[in-house]
Amino acid sequence: MTGRYVQDEDRVDARPARPNGTAVLIVAGSSGRMETARAELLASQGVHARTIRWFGGAAQRPAPHEVPLEIFAAEAESLRHHHDRVVLMGTSFGSEAVLLTASAEPVDAVIAIAPSSVVWPGLLDGGWSSHWTRGGRALAAVPFDGDWTPETDPPAFRSLYERSLAAHERAAAGAESPEIPVERIDGEVLLVHGGDDRVWPSDAFAQRIVRRRRAAGLDTAVIAHPDAGHRLVLPGERPPAGGTRMQRGGNEAADRALGLLAWPRIRDLLRIRAL
């Protein structure tokens, strides 16, 4: 049993009937939606689950473009006041947010689904700039390859991200790095990805994160399924619908299989006890 408390139109708190002392902040990707169903699922397992809208809401940036990371830091700090353990969970663009936040703020664990290892740009009013700011300053981001064109309809954007990152690394000697400083994350890190992700190469990004943390003497847990795509379906969830028209890869069975593989580790990080 859960009690659902909507504090405002851009934040939903799902509170458990029997709290286990853990809170999780859930951050969606480019859809901009609040992950209400996922929050309620986790609350039914004893976790205080909060999900927020991080762009397109009241007094927020209209697009994922120069969004202040202080939004996520403030939410994590708020949850810390009332819980023993705070976990950040983000998907896709949301993985950038939670990994960056955890690199600068104390959290107990990060769950990054379809993660990125670098910061990417967003578009607003015809201009490209970083997805994120910190202290009012835009973070360095990988510029997109302006010559890329989609080869499929609906488009699969994976090759855009691959080509853009490769071109940037060839030309970026001496430039400020867009790499997310995952070696600064003190808490546990779990990466979850599908091998058939056609949105971006989350498998390769996960490997880059692992290497960067390993070089700093840090362990990283990775859970993958070769046939899953960009989306994760946890046990008890319905597949998400909507979002930008694009190829995401995978299929419902494989995305569910990935969720089933990841679920025991997610439960462990959230301190969910067997019912």
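Per-chain numbering applies: the sequence of each chain, read as written, is numbered from 1 onward. Residues qualify for local features only when their pLDDT is at least 70, as the model is predicted, and side-chain atom pairs are given and counted only at 80 or more; totals for whole chains, interfaces and linings, by contrast, use all residues. Hydrogen atoms and water are omitted, and side-chain values are computed over all heavy atoms in the structure.

**A word on the overall build of the protein chain**
Phase 1: Along the protein chain, the regular secondary structure elements total six helices and 13 strands.
Phase 2: The C-alpha radius of gyration of the protein chain comes to 18 Å, within 12% of the 19 Å expected for a compact globule of 275 residues.
Phase 3: Seen through its C-alpha atoms, the protein chain measures out along the principal axes to roughly 55 × 40 × 40 Å.
Phase 4: Burial classes follow relative accessibility: with a 1.4 Å probe on protein chains only, a residue under 20% of its type's maximum area counts as buried, one over 50% as exposed, and anything between as partly exposed. Split into buried and exposed, the 275 residues of the protein chain put 55% on the buried side.
Phase 5: When contacts within the protein chain are restricted to residue pairs at least 6 apart in sequence, long-range pairs at least 24 apart make up 69% of them.
Phase 6: Surface accessibility in these figures is a Shrake-Rupley result with a 1.4 Å probe; residues are shielded only by whichever protein chains are displayed. Surface accessibility of the protein chain: about 12,300 Å² in total, with carbon and sulfur atoms responsible for 49%.
Phase 7: Under this rule, positive means Lys or Arg and negative means Asp or Glu; His and the chain ends count for nothing. In this description, the location of a charge corresponds to atom NZ of lysine, CZ of arginine, CG of aspartate or CD of glutamate. Looking at charge distribution, the protein chain has the averaged site of its 32 positive side-chain charges lying 4 Å from that of its 35 negative ones. Helix and strand assignments come from DSSP, with helices taken as H or I runs of at least 4 residues and strands as E runs of at least 2, each series counted from the N terminus. Using C-alpha atoms as the atom set, the radius of gyration is obtained and then compared with a globule rule of 2.2 Å times the number of residues to the power 0.38. Should any heavy atoms of two residues lie within 4.5 Å, those residues are considered in contact.

**Some thoughts on the sheet that holds strand S10 (residues 132–134)**
Phase 1: The strand order across the open sheet built from three strands is S5-S10-S11, with neighbouring strands paired in mixed fashion. What marks the edges here is a single partner per strand, and that holds for strand S5 (67–68) and strand S11 (137–138).
Phase 2: Note: two strands are recorded as paired if DSSP finds a minimum of 2 bridges between them. Pairing of S5 with S10, which is carried by two bridges, proceeds in the parallel orientation. Directly across from Pro68, in S10, lies its bridge partner Thr133.

**Section: the pattern of salt bridges**
Phase 1: The working definition used for a salt bridge is a side-chain nitrogen of Lys or Arg within 4 Å of a carboxyl oxygen of Asp or Glu. With the rule as written, the count across this model stands at 20 salt bridges.
Phase 2: Linked by salt bridges that have partners in common, Arg11, Asp13, Arg50 and Glu75 make up one network.

**Digging into unusual backbone geometry**
Phase 1: Pro154 follows Asp153 through a cis peptide bond whose omega is 5°.
Phase 2: Considering the arrangement of structural elements, one finds Pro154 in the loop between S11 and helix H4 (158–171).
Phase 3: Of note, the phi angle at Arg271 is positive, near 60°, even though the residue is not glycine.
Phase 4: Mapped onto the fold, Arg271 is located in the segment after helix H6 (252–269).

Coordinates in, geometry out; function isn't part of it.
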